Amino acid sequence: MVLTGGGDCPGLNAVIRGIVKRASQEKDWEVIGCIESFNGVLREPTEIVELNEKNVHGLLVMGGTILGTTNKSGPFEWPVRQPDGSWTTVDRSDEMIRKLGYMGVDAVINIGGDGSQRISLGLAQKGLNIVGVPKTIDNDLSSTDYTFGFQTAVQICTEAIDKLVTTAASHNRVFIMEVMGREAGWIALHSAIAGGADVCLIPEIPYDINEIKKKIEQRYVKRHGFCIIVVAEGARPKGGTIVGTQTGEVGYQHIKLGGIGNQLAAELKSAGVEQDIRCTILGHLQRGGTPTAFDRILASVFGVRAMELVMEGKYGRMVAYHHPDIVDVSLEEAVRAQNLVDPNSLLVHTAKGLGIEFGD
Ligand code: F6P
(Lines give C-alpha, C1' and ligand atoms only; values in the text may rest on other atoms or scores of the structure.)
Protein backbone atom coordinates (compact mmCIF):
# COMPACT_ATOMS: atom_id res chain seq x y z
CA MET A 1 0.00 0.00 0.00
CA VAL A 2 1.32 3.42 -1.02
CA LEU A 3 0.41 6.75 0.51
CA THR A 4 1.54 10.36 0.42
CA GLY A 5 1.72 12.44 3.61
CA GLY A 6 2.55 16.03 4.59
CA GLY A 7 2.49 18.99 2.21
CA ASP A 8 2.25 18.06 -1.46
CA CYS A 9 5.28 18.57 -3.67
CA PRO A 10 6.15 18.08 -7.33
CA GLY A 11 7.37 14.53 -7.94
CA LEU A 12 4.99 12.64 -5.63
CA ASN A 13 3.12 11.22 -8.59
CA ALA A 14 6.37 10.21 -10.27
CA VAL A 15 7.27 8.16 -7.16
CA ILE A 16 3.85 6.45 -7.23
CA ARG A 17 4.38 5.65 -10.91
CA GLY A 18 7.89 4.26 -10.22
CA ILE A 19 6.56 1.98 -7.47
CA VAL A 20 3.69 0.68 -9.63
CA LYS A 21 5.84 0.13 -12.72
CA ARG A 22 8.48 -1.77 -10.77
CA ALA A 23 5.87 -3.87 -8.94
CA SER A 24 4.13 -4.74 -12.20
CA GLN A 25 7.29 -6.49 -13.40
CA GLU A 26 6.77 -9.12 -10.68
CA LYS A 27 3.92 -11.62 -10.43
CA ASP A 28 3.58 -11.48 -6.66
CA TRP A 29 2.82 -7.85 -5.97
CA GLU A 30 -0.31 -5.77 -6.28
CA VAL A 31 -0.26 -2.10 -5.36
CA ILE A 32 -3.06 -0.15 -3.73
CA GLY A 33 -3.12 3.53 -2.79
CA CYS A 34 -4.45 4.93 0.46
CA ILE A 35 -6.26 8.25 0.11
CA GLU A 36 -5.04 11.29 2.09
CA SER A 37 -2.10 9.81 3.93
CA PHE A 38 -3.28 7.17 6.47
CA ASN A 39 -6.78 8.67 6.64
CA GLY A 40 -8.00 6.31 3.92
CA VAL A 41 -7.43 3.28 6.18
CA LEU A 42 -8.60 4.99 9.34
CA ARG A 43 -11.92 6.16 7.87
CA GLU A 44 -15.03 4.03 7.59
CA PRO A 45 -15.67 3.10 4.86
CA THR A 46 -12.02 2.89 3.90
CA GLU A 47 -10.77 4.94 0.96
CA ILE A 48 -8.38 2.74 -0.97
CA VAL A 49 -7.74 2.67 -4.72
CA GLU A 50 -6.17 0.08 -6.97
CA LEU A 51 -2.99 1.26 -8.68
CA ASN A 52 -1.91 -0.38 -11.89
CA GLU A 53 0.12 0.45 -14.97
CA LYS A 54 -2.97 1.86 -16.68
CA ASN A 55 -3.90 4.39 -14.03
CA VAL A 56 -0.35 5.68 -13.53
CA HIS A 57 -0.11 6.75 -17.18
CA GLY A 58 0.98 10.36 -17.49
CA LEU A 59 1.86 10.71 -13.81
CA LEU A 60 5.53 11.45 -14.45
CA VAL A 61 4.82 15.07 -15.34
CA MET A 62 1.88 15.72 -13.06
CA GLY A 63 2.32 17.88 -9.94
CA GLY A 64 0.49 17.25 -6.66
CA THR A 65 -0.53 13.73 -5.70
CA ILE A 66 -3.33 11.62 -7.15
CA LEU A 67 -3.73 10.04 -3.69
CA GLY A 68 -4.33 13.33 -1.90
CA THR A 69 -2.41 14.25 1.23
CA THR A 70 -2.66 15.99 4.57
CA ASN A 71 -0.26 17.56 7.03
CA LYS A 72 -2.65 17.23 9.94
CA SER A 73 -3.05 14.53 12.60
CA GLY A 74 -2.40 10.84 11.67
CA PRO A 75 -2.75 7.39 13.28
CA PHE A 76 -0.99 8.40 16.51
CA GLU A 77 -3.02 11.60 16.93
CA TRP A 78 -6.45 11.10 15.44
CA PRO A 79 -8.71 14.09 16.18
CA VAL A 80 -11.90 13.39 18.13
CA ARG A 81 -14.52 15.96 19.06
CA GLN A 82 -15.47 15.94 22.74
CA PRO A 83 -19.01 16.45 24.08
CA ASP A 84 -18.20 20.10 24.94
CA GLY A 85 -17.25 20.76 21.30
CA SER A 86 -13.48 20.95 21.89
CA TRP A 87 -11.04 18.58 20.17
CA THR A 88 -8.73 15.95 21.57
CA THR A 89 -6.63 13.26 19.90
CA VAL A 90 -6.51 9.48 20.33
CA ASP A 91 -3.86 6.94 19.31
CA ARG A 92 -5.35 4.64 16.66
CA SER A 93 -2.06 3.12 15.49
CA ASP A 94 -2.65 -0.40 16.90
CA GLU A 95 -6.16 -0.51 15.48
CA MET A 96 -4.81 0.63 12.10
CA ILE A 97 -2.06 -1.99 12.01
CA ARG A 98 -4.67 -4.68 12.82
CA LYS A 99 -6.90 -3.38 10.05
CA LEU A 100 -4.04 -3.48 7.53
CA GLY A 101 -3.55 -7.12 8.55
CA TYR A 102 -7.22 -7.97 7.87
CA MET A 103 -6.96 -6.18 4.55
CA GLY A 104 -4.01 -8.40 3.59
CA VAL A 105 -1.57 -5.50 3.23
CA ASP A 106 1.97 -6.94 3.32
CA ALA A 107 3.87 -3.69 3.27
CA VAL A 108 3.41 0.08 3.28
CA ILE A 109 5.42 2.72 1.41
CA ASN A 110 5.04 6.13 3.06
CA ILE A 111 6.12 9.05 0.85
CA GLY A 112 6.57 12.10 3.04
CA GLY A 113 8.77 14.55 4.91
CA ASP A 114 10.07 14.49 8.47
CA GLY A 115 6.62 14.43 10.14
CA SER A 116 5.51 11.52 7.92
CA GLN A 117 8.73 9.58 8.50
CA ARG A 118 8.31 10.00 12.28
CA ILE A 119 4.94 8.29 11.83
CA SER A 120 6.68 5.58 9.71
CA LEU A 121 9.20 5.06 12.51
CA GLY A 122 6.49 4.77 15.17
CA LEU A 123 4.63 2.21 13.05
CA ALA A 124 7.83 0.27 12.25
CA GLN A 125 8.55 0.06 15.99
CA LYS A 126 5.12 -1.53 16.38
CA GLY A 127 6.00 -4.16 13.80
CA LEU A 128 4.48 -2.74 10.58
CA ASN A 129 6.42 -3.54 7.41
CA ILE A 130 7.07 -0.02 6.21
CA VAL A 131 9.48 1.79 3.89
CA GLY A 132 9.87 5.57 3.67
CA VAL A 133 10.48 7.83 0.69
CA PRO A 134 11.69 11.36 1.53
CA LYS A 135 9.93 14.33 -0.02
CA THR A 136 9.80 18.03 0.67
CA ILE A 137 10.41 21.26 -1.18
CA ASP A 138 12.27 22.45 1.94
CA ASN A 139 15.19 19.98 1.49
CA ASP A 140 15.51 19.85 5.27
CA LEU A 141 16.09 16.09 5.76
CA SER A 142 19.70 15.44 6.76
CA SER A 143 19.82 11.79 5.72
CA THR A 144 19.52 12.48 1.98
CA ASP A 145 21.53 14.89 -0.16
CA TYR A 146 18.34 16.11 -1.86
CA THR A 147 14.62 15.56 -1.63
CA PHE A 148 12.56 15.74 -4.83
CA GLY A 149 10.42 18.86 -5.12
CA PHE A 150 13.24 21.10 -3.94
CA GLN A 151 14.74 21.71 -7.38
CA THR A 152 11.31 22.51 -8.79
CA ALA A 153 10.67 25.03 -6.02
CA VAL A 154 14.06 26.63 -6.66
CA GLN A 155 13.29 26.84 -10.38
CA ILE A 156 9.93 28.51 -9.69
CA CYS A 157 11.57 31.03 -7.33
CA THR A 158 14.36 31.73 -9.79
CA GLU A 159 11.89 32.43 -12.57
CA ALA A 160 9.98 34.71 -10.19
CA ILE A 161 13.16 36.69 -9.47
CA ASP A 162 13.78 37.02 -13.23
CA LYS A 163 10.31 38.56 -13.54
CA LEU A 164 10.65 40.83 -10.52
CA VAL A 165 13.96 42.21 -11.86
CA THR A 166 12.30 43.80 -14.89
CA THR A 167 9.60 45.55 -12.90
CA ALA A 168 12.01 46.49 -10.08
CA ALA A 169 14.44 48.03 -12.59
CA SER A 170 11.68 49.91 -14.40
CA HIS A 171 10.44 51.55 -11.19
CA ASN A 172 13.77 51.83 -9.31
CA ARG A 173 12.22 49.76 -6.55
CA VAL A 174 13.34 47.49 -3.78
CA PHE A 175 11.60 44.13 -4.12
CA ILE A 176 11.32 41.67 -1.30
CA MET A 177 10.43 38.11 -2.31
CA GLU A 178 9.38 35.81 0.53
CA VAL A 179 9.93 32.11 -0.09
CA MET A 180 9.10 28.92 1.82
CA GLY A 181 11.43 26.47 3.55
CA ARG A 182 10.37 26.51 7.21
CA GLU A 183 13.49 26.64 9.45
CA ALA A 184 15.82 25.93 6.50
CA GLY A 185 17.17 28.53 4.08
CA TRP A 186 17.85 26.19 1.14
CA ILE A 187 15.20 27.52 -1.24
CA ALA A 188 16.17 31.13 -0.51
CA LEU A 189 19.91 30.48 -0.86
CA HIS A 190 19.71 28.50 -4.10
CA SER A 191 17.24 30.84 -5.78
CA ALA A 192 19.12 33.96 -4.65
CA ILE A 193 22.27 32.67 -6.35
CA ALA A 194 20.44 31.40 -9.45
CA GLY A 195 18.40 34.59 -9.80
CA GLY A 196 21.26 36.99 -9.03
CA ALA A 197 19.58 38.55 -5.98
CA ASP A 198 21.32 41.29 -3.99
CA VAL A 199 20.27 40.21 -0.51
CA CYS A 200 19.49 36.74 0.84
CA LEU A 201 18.07 36.34 4.33
CA ILE A 202 17.93 32.86 5.79
CA PRO A 203 16.96 31.44 9.21
CA GLU A 204 20.49 30.17 9.83
CA ILE A 205 21.97 33.71 9.66
CA PRO A 206 19.93 36.27 11.65
CA TYR A 207 20.17 39.69 9.99
CA ASP A 208 21.01 43.24 11.02
CA ILE A 209 18.68 45.66 9.24
CA ASN A 210 21.43 48.29 8.93
CA GLU A 211 23.57 45.92 6.84
CA ILE A 212 20.67 45.46 4.42
CA LYS A 213 20.11 49.22 4.29
CA LYS A 214 23.78 49.70 3.40
CA LYS A 215 23.48 47.18 0.57
CA ILE A 216 20.41 48.92 -0.80
CA GLU A 217 22.24 52.25 -0.79
CA GLN A 218 25.11 50.69 -2.78
CA ARG A 219 22.64 49.48 -5.40
CA TYR A 220 21.46 53.02 -6.23
CA VAL A 221 23.27 55.82 -8.06
CA LYS A 222 21.33 58.92 -7.07
CA ARG A 223 17.72 57.79 -7.51
CA HIS A 224 18.46 55.08 -10.07
CA GLY A 225 18.85 51.41 -9.35
CA PHE A 226 16.93 48.53 -7.87
CA CYS A 227 17.43 45.83 -5.29
CA ILE A 228 16.15 42.27 -5.05
CA ILE A 229 15.89 40.75 -1.58
CA VAL A 230 15.05 37.06 -1.16
CA VAL A 231 13.87 36.28 2.33
CA ALA A 232 13.14 32.80 3.67
CA GLU A 233 9.90 32.53 5.64
CA GLY A 234 11.91 31.39 8.68
CA ALA A 235 14.37 34.31 8.62
CA ARG A 236 14.53 36.68 11.59
CA PRO A 237 16.44 39.74 12.72
CA LYS A 238 19.30 39.37 15.21
CA GLY A 239 17.67 39.04 18.63
CA GLY A 240 14.23 38.72 16.99
CA THR A 241 11.83 35.84 16.61
CA ILE A 242 10.41 33.87 13.71
CA VAL A 243 7.17 35.31 12.20
CA GLY A 244 4.18 32.99 12.09
CA THR A 245 0.69 32.24 13.35
CA GLN A 246 -1.18 29.33 14.89
CA THR A 247 -3.78 28.44 12.27
CA GLY A 248 -6.30 26.98 14.70
CA GLU A 249 -6.88 24.11 12.23
CA VAL A 250 -7.64 20.88 14.09
CA GLY A 251 -4.62 18.56 14.20
CA TYR A 252 -2.27 21.07 12.50
CA GLN A 253 0.84 20.85 14.60
CA HIS A 254 2.98 23.52 13.00
CA ILE A 255 3.10 27.23 13.41
CA LYS A 256 2.17 28.59 9.98
CA LEU A 257 5.26 30.56 8.98
CA GLY A 258 4.93 33.67 6.87
CA GLY A 259 4.87 37.43 7.15
CA ILE A 260 8.58 38.18 7.43
CA GLY A 261 8.56 39.86 3.99
CA ASN A 262 6.11 42.56 5.05
CA GLN A 263 7.78 42.89 8.44
CA LEU A 264 11.11 43.42 6.69
CA ALA A 265 9.60 46.11 4.46
CA ALA A 266 8.39 47.95 7.58
CA GLU A 267 11.80 47.54 9.28
CA LEU A 268 13.57 48.95 6.23
CA LYS A 269 11.24 51.95 6.15
CA SER A 270 11.81 52.57 9.88
CA ALA A 271 15.58 52.29 9.30
CA GLY A 272 15.28 55.17 6.80
CA VAL A 273 15.23 53.44 3.38
CA GLU A 274 13.60 55.99 1.07
CA GLN A 275 13.05 53.90 -2.05
CA ASP A 276 9.68 52.34 -2.85
CA ILE A 277 9.51 48.85 -1.41
CA ARG A 278 7.22 46.09 -2.64
CA CYS A 279 6.82 42.61 -1.21
CA THR A 280 5.86 39.46 -3.14
CA ILE A 281 4.98 36.31 -1.23
CA LEU A 282 5.31 33.31 -3.55
CA GLY A 283 3.50 30.94 -1.18
CA HIS A 284 2.09 27.69 -2.53
CA LEU A 285 3.03 28.53 -6.13
CA GLN A 286 6.37 27.04 -5.08
CA ARG A 287 4.76 23.62 -4.65
CA GLY A 288 2.61 23.67 -7.75
CA GLY A 289 2.93 22.45 -11.30
CA THR A 290 5.10 19.99 -13.10
CA PRO A 291 8.39 18.72 -11.60
CA THR A 292 11.73 19.62 -13.21
CA ALA A 293 13.63 16.88 -15.04
CA PHE A 294 15.93 16.42 -12.01
CA ASP A 295 12.97 15.91 -9.67
CA ARG A 296 11.28 13.50 -12.09
CA ILE A 297 14.44 11.42 -12.18
CA LEU A 298 15.04 11.50 -8.41
CA ALA A 299 11.39 10.67 -7.71
CA SER A 300 11.47 7.79 -10.21
CA VAL A 301 14.69 6.38 -8.74
CA PHE A 302 13.23 6.62 -5.23
CA GLY A 303 10.00 4.92 -6.34
CA VAL A 304 11.70 1.99 -8.03
CA ARG A 305 14.16 1.51 -5.17
CA ALA A 306 11.44 1.75 -2.48
CA MET A 307 9.53 -1.05 -4.22
CA GLU A 308 12.72 -3.11 -4.37
CA LEU A 309 13.26 -2.64 -0.63
CA VAL A 310 9.77 -4.04 -0.12
CA MET A 311 10.53 -7.00 -2.40
CA GLU A 312 13.77 -7.63 -0.48
CA GLY A 313 11.92 -7.41 2.86
CA LYS A 314 14.14 -4.50 3.98
CA TYR A 315 11.64 -2.74 6.24
CA GLY A 316 12.10 0.13 8.65
CA ARG A 317 14.27 1.84 6.04
CA MET A 318 14.01 5.02 3.97
CA VAL A 319 15.50 5.46 0.50
CA ALA A 320 18.03 8.28 0.31
CA TYR A 321 20.30 9.99 -2.20
CA HIS A 322 23.97 9.94 -1.25
CA HIS A 323 25.61 11.19 -4.39
CA PRO A 324 26.24 9.29 -6.65
CA ASP A 325 24.35 6.42 -5.02
CA ILE A 326 20.83 5.67 -3.93
CA VAL A 327 21.07 4.03 -0.54
CA ASP A 328 18.69 3.19 2.28
CA VAL A 329 18.96 4.49 5.83
CA SER A 330 17.15 3.42 9.00
CA LEU A 331 14.00 5.40 9.83
CA GLU A 332 15.72 6.44 13.10
CA GLU A 333 18.55 7.96 11.05
CA ALA A 334 16.03 9.48 8.63
CA VAL A 335 14.43 11.68 11.30
CA ARG A 336 17.48 12.23 13.52
CA ALA A 337 18.38 15.76 12.47
CA GLN A 338 17.23 18.63 10.31
CA ASN A 339 19.30 19.60 7.31
CA LEU A 340 20.06 23.30 7.72
CA VAL A 341 22.32 25.64 5.77
CA ASP A 342 25.80 25.83 7.27
CA PRO A 343 26.75 29.54 7.36
CA ASN A 344 30.36 28.47 6.67
CA SER A 345 29.49 26.31 3.67
CA LEU A 346 30.85 26.69 0.17
CA LEU A 347 27.49 27.86 -1.14
CA VAL A 348 27.19 30.71 1.40
CA HIS A 349 30.84 31.57 0.71
CA THR A 350 30.08 31.59 -3.03
CA ALA A 351 27.04 33.81 -2.54
CA LYS A 352 29.12 36.24 -0.49
CA GLY A 353 31.80 36.10 -3.19
CA LEU A 354 29.13 37.20 -5.65
CA GLY A 355 28.31 40.18 -3.42
CA ILE A 356 25.06 38.79 -2.00
CA GLU A 357 24.38 40.37 1.40
CA PHE A 358 23.17 38.12 4.24
CA GLY A 359 22.80 40.93 6.77
CA ASP A 360 25.30 39.37 9.23
O1 F6P B 1 7.04 21.89 4.29
C2 F6P B 1 6.62 22.38 3.06
C3 F6P B 1 5.95 23.73 3.22
O4 F6P B 1 5.58 24.17 1.93
C5 F6P B 1 6.78 24.77 3.96
O6 F6P B 1 7.79 25.32 3.16
C7 F6P B 1 5.70 25.73 4.39
O8 F6P B 1 6.08 26.47 5.53
C9 F6P B 1 4.57 24.81 4.72
O10 F6P B 1 4.78 23.61 4.00
C11 F6P B 1 3.21 25.35 4.35
O12 F6P B 1 2.25 24.47 4.82
P13 F6P B 1 0.71 24.52 4.43
O14 F6P B 1 0.56 23.79 3.12
O15 F6P B 1 0.04 23.82 5.55
O16 F6P B 1 0.31 25.95 4.29
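Residues numbered from 1 in each chain as written. Predicted model: local features only at pLDDT ≥ 70, side-chain atom pairs only at ≥ 80, totals over all residues. Heavy atoms only, no water.

So what about the overall build of the protein chain? Which residues, and what values?
Of the regular secondary structure elements, the protein chain holds 11 helices and 17 strands. Relative to a compact globule of 360 residues, whose C-alpha radius of gyration would be 21 Å, the protein chain shows 22 Å and is just as compact. When its C-alpha atoms are laid out on the principal axes, the protein chain stretches across 75 × 55 × 35 Å. Across the 360 residues of the protein chain, 51% fall into the buried class. Considering only contacts in the protein chain between residues 6 or more positions apart, those separated by 24 or more positions represent 72%. Of the roughly 15,600 Å² of accessible surface on the protein chain, a fraction of 50% belongs to carbon and sulfur atoms. Both charge centroids of the protein chain, one from 35 positive and one from 43 negative side chains, sit 5 Å from each other. (Helix = DSSP H or I, 4+ residues; strand = E, 2+ residues; numbered from the N terminus. Rg over C-alpha atoms; globule rule 2.2 N^0.38 Å. Buried < 20%, exposed > 50% of the residue type's maximum accessible area, 1.4 Å probe, protein only. Contact = heavy atoms within 4.5 Å. Areas by Shrake-Rupley, 256 points an atom, 1.4 Å probe, with all protein chains shown as cover. Lys, Arg positive; Asp, Glu negative; His and termini not counted. Charge placed at Lys NZ, Arg CZ, Asp CG, Glu CD.)

Quick rundown of the environment of Glu 233? Include the residues and the values.
As for its placement among the helices and strands, Glu 233 is situated in the loop between β12 (227-232) and β13 (244-245). Separated by 32 residues in sequence, Glu 233 and Leu 201 place their C-alpha atoms 9.1 Å apart. At 2.7 Å, the side chain of Glu 233 forms a polar contact with the backbone nitrogen of Arg 182. (Polar contact = N/O pair within 3.5 Å; in protein donor to acceptor, adjacent residues only side chain to side chain.)

Which residues make up the environment of Glu 44, and what values go with them?
Take Glu 44: it is sitting in the loop between α2 (39-42) and β3 (48-51). Looking at Glu 44, the relative accessible area reads 64%, which means it is exposed. Taking the C-alpha atoms as reference points, Glu 44 and Asn 172, separated by 128 residues in sequence, lie 58 Å from one another. Polar contacts involving the side chain of Glu 44 include one to the side chain of Lys 99, which spans 2.7 Å.

Explain the nonpolar core to me, and be specific about the residues and the numbers.
By size, the foremost hydrophobic cluster in this structure holds 82 residues, and its most contacted members are Ile 111, Phe 148, Ile 212, Ile 229, Leu 264 and Leu 268. The dominant element in this core, judged by the number of residues it contributes, is helix α5 (residues 150-171), at 8 residues. A domain-level breakdown of this core finds at least three residues from each of domain 1 (2-148 + 291-323) and domain 2 (153-288 + 342-353). Contacts of Ile 111, omitting those with residues within four sequence positions, involve Val 2, Leu 3, Thr 4, Gly 5, Leu 12, Val 15, Ile 16, Ile 19, Gln 117, Val 133, Lys 135 and Phe 148. Formed by 23 residues, the second largest nonpolar core is a distinct cluster that contains Cys 34, Leu 123, Ile 130 and Ala 334. (Core = buried A, V, L, I, M, F, W, Y, C linked by side-chain atoms within 4.5 Å. Domains from an automatic or database assignment.)

Describe helix α6 (residues 186-195), naming the residues involved and giving the relevant values.
Taking burial as the measure, the 10 residues of α6 include 8 buried ones, the bulk of the element. Trp 186, Ile 187, Ala 188, Leu 189, His 190, Ser 191, Ala 192 and Gly 195 are the residues of α6 that are buried. Turning to α6, the residues buried within the fold contact α5, β8 (174-179), β9 (199-201), β12 and α11 (346-353). Phi for Gly 196, located one or two positions after α6, is positive at around 70°.

Now, about the environment of Ile 260: what can you tell me, with residues and values included?
Note on placement: Ile 260 falls in helix α8 (residues 260-270). Leaving out residues up to four positions away in the same chain, Ile 260 has contacts with Glu 178, Tyr 207, Val 231, Ala 232, Glu 233, Ala 235, Arg 236 and Val 243.

Describe α5, naming the residues involved and giving the relevant values.
Since the α-helix turns once every 3.6 residues, residues separated by three or four places project in the same direction. Here α5 contains 22 residues, and its C-alpha end-to-end distance of 31 Å stays within 8% of the 32 Å for a straight helix at 1.5 Å per residue. Three or more residues of α5 are buried, namely Phe 150, Thr 152, Ala 153, Val 154, Cys 157, Thr 158, Ala 160, Ile 161, Leu 164 and Ala 168. Residues of α5 that are buried in the fold lie against β8, α6, β11 (224-225), β12, β15 (277-281) and α9 (293-312). (Expected span 1.5 Å × (residues − 1).)

Before we move on, could you go through the packing of α5 against α6 and cite the residues and values that matter?
When two helices pack together, their arrangement is given by the angle between the helix axes and the distance between those axes. Contact pair α5 / α6: the axes reach a minimum separation of 8 Å and the direction vectors enclose 45°. It follows from the interaxial angle that α5 and α6 lie oblique. The handedness of the crossing between α5 and α6 is right-handed. For the pair formed by α5 and α6, the contact residues are Phe 150, Ala 153, Val 154, Cys 157, Thr 158, Ile 161 and Asp 162 on the first element and Trp 186, Ile 187, His 190, Ser 191, Ala 192, Ala 194 and Gly 195 on the second. By residue class, the composition of the contact of α5 with α6 is 9 nonpolar, 4 polar and 1 charged. (Axes fitted to C-alpha atoms, helices over the stretch in contact; angles between N-to-C directions. Parallel < 35°, antiparallel > 145°, perpendicular 65-115°, else oblique. Left-handed = near helix turned anticlockwise from the far one by under 90°. Nonpolar A, V, L, I, M, F, W, Y, C, P; charged D, E, K, R; others polar.)

Hey, could you go over the site of the ligand for me, with residue numbers and the actual values?
Taken together, Asn 71, Ile 137, Asp 138, Met 180, Gly 181, Arg 182, Glu 233, Tyr 252, Lys 256, His 284 and Arg 287 form the complete shell of residues around the ligand. Here Asp 138 contributes a side-chain N or O atom positioned 2.6 Å from an oxygen atom of the ligand. Across the complex, the protein chains shield 87% of the 400 Å² of accessible surface that the ligand would expose by itself. Under a 2 Å grid-point criterion requiring more than half of the atoms, the pocket assigned to the ligand is the largest pocket. (Near = heavy atom within 4 Å. 1 Å grid on protein atoms, 1.4 Å probe; cavity = no way out; pocket = protein on both sides within 12 Å on 5 of 7 lines; lining within 4 Å. Sits in = over half its atoms within 2 Å of the grid points.)

Kindly report on the layout of surface pockets, identifying the contributing residues and their values.
By volume, the largest pocket amounts to about 860 Å³. Looking at the largest pocket, it is lined by 41 residues, and the ones nearest its centre are Gly 6, Gly 7, Asn 71, Asp 114 and His 254. Secondary structure elements with two or more residues in the lining of the largest pocket: α4 (114-125) and β14 (256-257). It is α4 that contributes the most residues to the lining of the largest pocket, 5 residues altogether. (Points joined across faces, edges and corners; volume = space filled by probe spheres on them.)

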